[in-house]
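Examining the three-dimensional arrangement
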Amino acid sequence: MVQFIDGGMLARMIIHASASLNAEKQRINELNVFPVPDGDTGTNMSLTIGTAAAELRQKKCSTIGQVASVNASAMLRGARGNSGVILSLIFRGFSKALKEKESMDGIDLAEGLNAGVAAAYRAVMKPAEGTVLTVSRLAGERAAQAAEENTALEYVLESAILQAEETLAATTEMNPVLKKAGVVDAGGVGFVIILKGMLDELRGVAMPEGGAEEPAQKERADFAAVGDEEITFTFDTVFIVRRTSDRPLEEFRAYLESIGDSLVIGEGDEEFKVHVHTDIPGEALTEAQKYGTLELAKIENMRTQAEELAAGKQAQSIDDLDAVEAELESMECQDAPPEKKYGFVAVSAGDGLARVFQDLGVDGVISGGQTMNPSTEDILNQIRKTPAEIVYVLPNNKNIIMAAQQCVDLVEDKKVVVLQSKTVAQGISAMIAVDPDGEEAANTEAMEEAMGMVTTMEITYAARDSEFDGNAIKEGDYLALVDNQLFGTETDLNVILDKLAGEAGDRGGEFINIFYGEGVEEADAKAAAARFQAICPDAEITLLRGGQPVYRYLISVE
């Protein structure tokens, strides 16, 4: 029975937990109550802890306090979605409780776990029973009891896991929504997997094959630890392109994925930066010039570097370009000095919707939403680049609000106001209500009031067979959502369009905006708008290309 651990073991336990969660993330995603293709709890939790695992691999920390601090900081920056934010809050409280600790026994573990649970509960306005909060709370309570019985860390961790599993099984009955769907809480499953992964490392159980998935924005080859046979592509290629057009990067991304791996594309308002491993860097640079002017390129031979490092030599590098790149990256993270009173940051998916927000005065649009929740760091960087005294953030998705709220205390020279916009339609209505010359309180009130007056309708498809509220849902069925609640399912798209149009009429809709998504032909979108017009003859209907993924139609009704 292991009595206590040092910082090195805690780091390995977290890395193992990240690998375990990564291996199970799809199973967690499939526990989403609605079978829409955006059940991303597993993905969000995996990316969040994956950020920490990647950083712990790079930094050698000796004490428990140091490891816990690095882990908490990385998780905060990488937190995605509500589940990721809650997970980061648990580990932030854990870190504060263990700040001065050199080693950790069972008593310390129990104190850290309970401090983390308390931090998470403080951050959630209306904690619901039958969620990861419940699972972690009862696990923490059992850990405290177990520490009184036996101070061995292994005993306390095992006891916490057994209680967490028991509570997880009961979440189906605790939460009415979960009970209807007949599933346990997805976030709770992720939490149990993390604890079990930590225990597995403590007991010497092999890490799941493939290891932990590292977050894209932090990918960087660790040449000292990689053998030549493990390098799939030869050249580590980094370049920056100054945009000369607003051509979307989807085709370029697909091209780069076809010629390499470890791809990261960071998009700014005026430029984008690419990191890719490939055997043909010249062709990657040539293709990039279709999108703008090449400003900086750095190409390094990873096989040569690996050989030099293995031989104990200094790896050849391009120091001047590294310095320029570091300087550019630091400039990107610097706070833009205020040039105006108000600035706006919005989260949205689809180039058409991004243009709508930009036309309404949004300074920065973060690509994200359903299936791709941006991290706290993504939102924070955009806030810092916004040259305003007061920056309003429009998450436009209920699963992004918590990540945005973490930014409020991380910016010193700007005031950050996070609106509770849960849909893109609410965000657009909020922007229309802005008075550039108005007072902050009046603007906030007007934007919130505007959000409350809009009804959001969405049409997507079922990602899997399911049963909800006694209704059988088949994979591929069209699903209609009204204000994020399931409205109906149909196999015929026209039938579901007519039902939504009828609902819009019943709600007295006078202004109806229809945004059609990627893959929807303009002719089909016009036909959909015509159906709405026929059923709502007195409404003013506007049809716009949204380009959003996953959701065929996004409809706002006012």
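Everything quoted here is computed from the prediction, not taken from an experiment. (Residues numbered from 1 in each chain as written. Predicted model: local features only at pLDDT ≥ 70, side-chain atom pairs only at ≥ 80, totals over all residues. Heavy atoms only, no water.)

Topic: the overall build of the chain
Counted only if it meets this: Helix and strand assignments follow DSSP, with helices taken as H or I runs no shorter than four residues and strands as E runs no shorter than two, numbered in order from the N terminus. The cut-offs for exposure are 20% and 50% of the maximum accessible area for each residue type, with area from a 1.4 Å probe on protein chains only; residues under the lower value are buried, those over the upper are exposed, and the others partly exposed. Contacts are assigned to residue pairs with any non-hydrogen atoms lying within 4.5 Å of each other. Residue burial considers only the protein chains on display, and all accessible areas are found by Shrake-Rupley using a 1.4 Å probe.
Along the backbone of the chain there are 20 helices and 18 strands. Per-residue burial for the chain yields a buried fraction of 54% across its 558 residues. The contacts of the chain with a sequence gap of at least 6 include a subset with a gap of at least 24, amounting to 72%. As displayed, the chain offers around 24,500 Å² of accessible surface, 48% of which is attributable to carbon and sulfur atoms.

Concerning the packing of helix H10 (residues 250-259) against helix H11 (residues 281-288)
Formally: Only the contacting stretch of a helix is used when fitting its axis, a line to C-alpha atoms as for every element, and angles between N-to-C directions run 0 to 180 degrees. These descriptions rest on fixed angle ranges, namely under 35 degrees for roughly parallel, over 145 for roughly antiparallel, 65 to 115 for roughly perpendicular, and the rest for oblique. When residues are sorted by character, Ala, Val, Leu, Ile, Met, Phe, Trp, Tyr, Cys and Pro go into the nonpolar class, Asp, Glu, Lys and Arg into the charged class, and all the rest, Gly among them, into the polar class.
The geometry of H10 relative to H11 is characterised by a closest axis approach of 11 Å and an angle of 175 degrees between their N-to-C directions. Looking at the two axes, H10 sits roughly antiparallel to H11. Here H10 contributes Phe 252, Tyr 255, Leu 256 and Ile 259 to the contact with H11, which in turn contributes Glu 283, Ala 284, Glu 287 and Ala 288. Partitioning the contact of H10 with H11 into residue classes produces 6 nonpolar, no polar and 2 charged.

Quick word on the confidence of the model for the chain
Under the convention used in this document: Per-residue confidence from the predictor is given as pLDDT, running between 0 and 100.
When pLDDT is averaged along the chain, the result is 84, and 86% of the positions lie at 70 or above. This model gives residues 211-230 a pLDDT under 50, and the stretch forms 46 contacts once residues within four places in sequence are excluded. Across residues 314-332, where pLDDT falls below 50, the model places 28 contacts with residues more than four positions away in sequence or in other chains.

Quick notes on the sheet that holds strand E14 (residues 478-482)
Adjacent strands of a sheet pair through backbone hydrogen bonds, lying either parallel or antiparallel. Short version of the rule: When DSSP locates at least two bridges between a pair of strands, those strands are taken to pair.
Sheet architecture is open: 6 strands sit in the order E15-E14-E11-E18-E16-E17, paired in mixed fashion. Of all strands in the sheet, those with a lone pairing partner are strand E15 (485-490) and strand E17 (540-545), marking the two edges. Each adjacent strand pair in this sheet contributes to an overall mean axis angle of 20 degrees, direction not counted. Examined bridge by bridge, strand E16 (residues 511-516) and E17 share 6 bridges and lie parallel to one another.

Digging into helix H6 (residues 132-149)
Note the threshold: Here the expected span of a helix is defined as 1.5 Å times the quantity of residues minus one.
Counted at 1.5 Å a residue, the expected span for H6 with its 18 residues is 26 Å, and the 26 Å between its end C-alpha atoms agrees. The complete set of buried residues in H6 reads Val 132, Leu 133, Thr 134, Val 135, Ser 136, Ala 139, Gly 140, Arg 142, Ala 143, Ala 146 and Ala 147. On its buried face, H6 sits against helix H4 (81-97), helix H5 (106-123), helix H7 (153-174) and helix H9 (186-202).

Regarding the sheet that holds strand E9 (residues 388-394)
Read from one edge to the other, the open sheet built from 4 strands follows the order E8-E7-E9-E10, with strand pairing classed as parallel. Only two strands of the sheet have a single neighbouring strand rather than two, namely strand E8 (364-367) and strand E10 (415-418). Each strand axis lies, on average, 20 degrees off the axis of its neighbour in the sheet, ignoring direction. Packed on one face of the sheet, helix H14 (residues 351-359) meets strand E7 (340-348) and E8 and runs near 165 degrees to E7.

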